[in-house]
Amino acid sequence: MSGEGSSAKNAHAGLLSYAEAAAVVTGFARGLRPGAVESVALASAQDRVLAKAIVADVDQPAFPRSTRDGYACRAVEAATHDFLPVAGATHAGEAPPPPLPPKSMWEIMTGAPVGAGADAVVMVEHVERNGVQARLLPPRVAKAGENIVARGEQARAGDELVSAGTLLGPAQIALAAACGYANVDAYPRPRVAILTTGDELVPVDAVPGPGQIRNSNGPMLETLVRAAGGDVCMCLTATDTAESLDFALTVAGEADLLLISGGVSAGKFDLVEPALARIGAKFHFTGVRMQPGKPLVFGALRASTLGADLAEEKVLPFFGLPGNPISSAATFLLFAAPVIAALSGSDDLGPRFIAAELKQGTDRRGNAGLTRFLPSWCEFDVAVGKLPQVATVPWHGSGDLPAFARSNCFLVVPEGVASLEAGAQVSILMM
Ligand code: AMP
Ligand code: MG
């Protein structure tokens, strides 16, 4: 790591650091409430946030269960290696067998109930079967408890197994199914409005005229919103005029979050902030000591001023994301995704940084006055005990979409650090 003098810092005086801005957003997000609880079929519950805890209906397992195909026995008897009569057999789905007679074994399959008196299951691979008799092969010994999950060992009836506020993934859905939940109570996915702005933008299916570009932030932000747990409820576009922006903002009130792309830099046609101010926006911050994404704006509107017909006064948080695609993506992941998580009812707002090892040193000309988020490629195919390996992707600024498409994460270069050396342990944010 190499540092840099304080001159660069002074150029950004008055702006919050990345950490300060992140704390403002998280603090605000924790005060947000998700929508009304709804009952969701288990098959559609993935990526929803649980609103009511999942409770065990019975002990888990509900009976002592064999974890192997083999023979239920008494460990001390099996350890003699004598042939013992096989008193019966049970496979998964059958009722629990009667108590194990003394000095005998009981053939058993994985998932089957173990009879009273048996304290171990020896694996079929370790047993010699001779007609109606079987014995544990030396030098193997059996230990009490081996290959049996005792009744209630995993959970007791009435235990709260998944708490409200948990994001539902495959493991939680499997557990809910095991507990008999065909539906779960979950929060709705927040509705996010996306407003892309810029005179230069044309739709994706149009051929750009001279000086025009296709609106790539629209589809990118839609993708990011869905991945973060939100639903896109409207996609609006506006030109760089006060009238166009004012009109677009009047329809956004129905959303739970408003994302605006473009028009927040210091340029002559960056009219988003004034438009927001005209409808009474409260700005929590305008600008962050970060790169890309420095012009980021965060604030909230009263939804009623946007024409939403609401009995209760609702607050509509908004982000003004810088228009450059990589800036938009980085600021979305760092700031907007946690707000979507909070609006979804989640306890875990993120963003989740992970540790990696830098493969090649970063450019030494970096601006140490800003926290930087560099598009990078991370490889996870690493030996046990080694960190994922990350390298920055060569890029030509935050509008370089071809470079962005060759990346899968952002490398974090902390404020005060001009460059990072190869081999350094670093933080990355996955996309
Ligand atoms: P702005 O933040 O409006 O100053 O825009 C910064 C840069 O991002 C300009 O080069 C814009 O053309 C570009 N840009 C703005 N909006 C979009 C968009 N929706 N899709 C792709 N590029 C955009
Ligand atoms: Mg613009």
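Cut-offs used in this document
- Residues numbered from 1 in each chain as written.
- Chains lettered and ligands numbered in written order.
- Predicted model: local features only at pLDDT ≥ 70, side-chain atom pairs only at ≥ 80, totals over all residues.
- Heavy atoms only, no water.
- Near = heavy atom within 4 Å.
- Polar contact = N/O pair within 3.5 Å; in protein donor to acceptor, adjacent residues only side chain to side chain.
- Areas by Shrake-Rupley, 256 points an atom, 1.4 Å probe, with all protein chains shown as cover.
- Helix = DSSP H or I, 4+ residues; strand = E, 2+ residues; numbered from the N terminus.
- Pairing = 2+ DSSP bridges.
- Axes fitted to C-alpha atoms, helices over the stretch in contact; angles between N-to-C directions.
- Buried < 20%, exposed > 50% of the residue type's maximum accessible area, 1.4 Å probe, protein only.

Side note on the site of ligand 1
The immediate surroundings of ligand 1 are formed by 17 residues, with Glu200, Asn215, Gly263, Gly323 and Asn324 found nearest. With respect to ligand 1, the backbone of Ser216 contributes an N or O atom lying 3.2 Å from a nitrogen atom. Here ligand 1 has 490 Å² of accessible area as a free molecule, and 79% of this is covered by the chains. Elements represented by at least two residues in the shell around ligand 1 include exactly strand 14 (191-197) and strand 16 (213-214).

Overview of the pairing of strand 25 (residues 389-392)
Sheet analysis places strand 23 (residues 353-358) next to strand 25, joined by two bridges and oriented parallel. Following the sheet pairing, Leu358 is matched in strand 25 by Val390. Pairing analysis gives four bridges linking strand 24 (residues 371-379) to strand 25, with the strands arranged antiparallel. Bridge pairing links Trp377 to Ala391 in strand 25.

Remarks on the sheet that holds strand 19 (residues 282-286)
With mixed pairing, six strands are arranged side by side in an open sheet as 17-14-18-22-21-19. Only two strands of the sheet have a single neighbouring strand rather than two, namely strand 17 (231-238) and strand 19. Each strand of the sheet is rotated relative to its neighbour by a mean of 20°, with strand direction disregarded. Across six bridges, the pairing between strand 21 (residues 297-302) and strand 22 (residues 315-321) is antiparallel. Following the sheet pairing, Gly299 is matched in strand 22 by Phe318.

Topic: the environment of Phe353
Relative to the assigned elements, Phe353 resides in strand 23. On the basis of relative accessibility, which here comes to 32%, the residue Phe353 falls in the partly exposed class.

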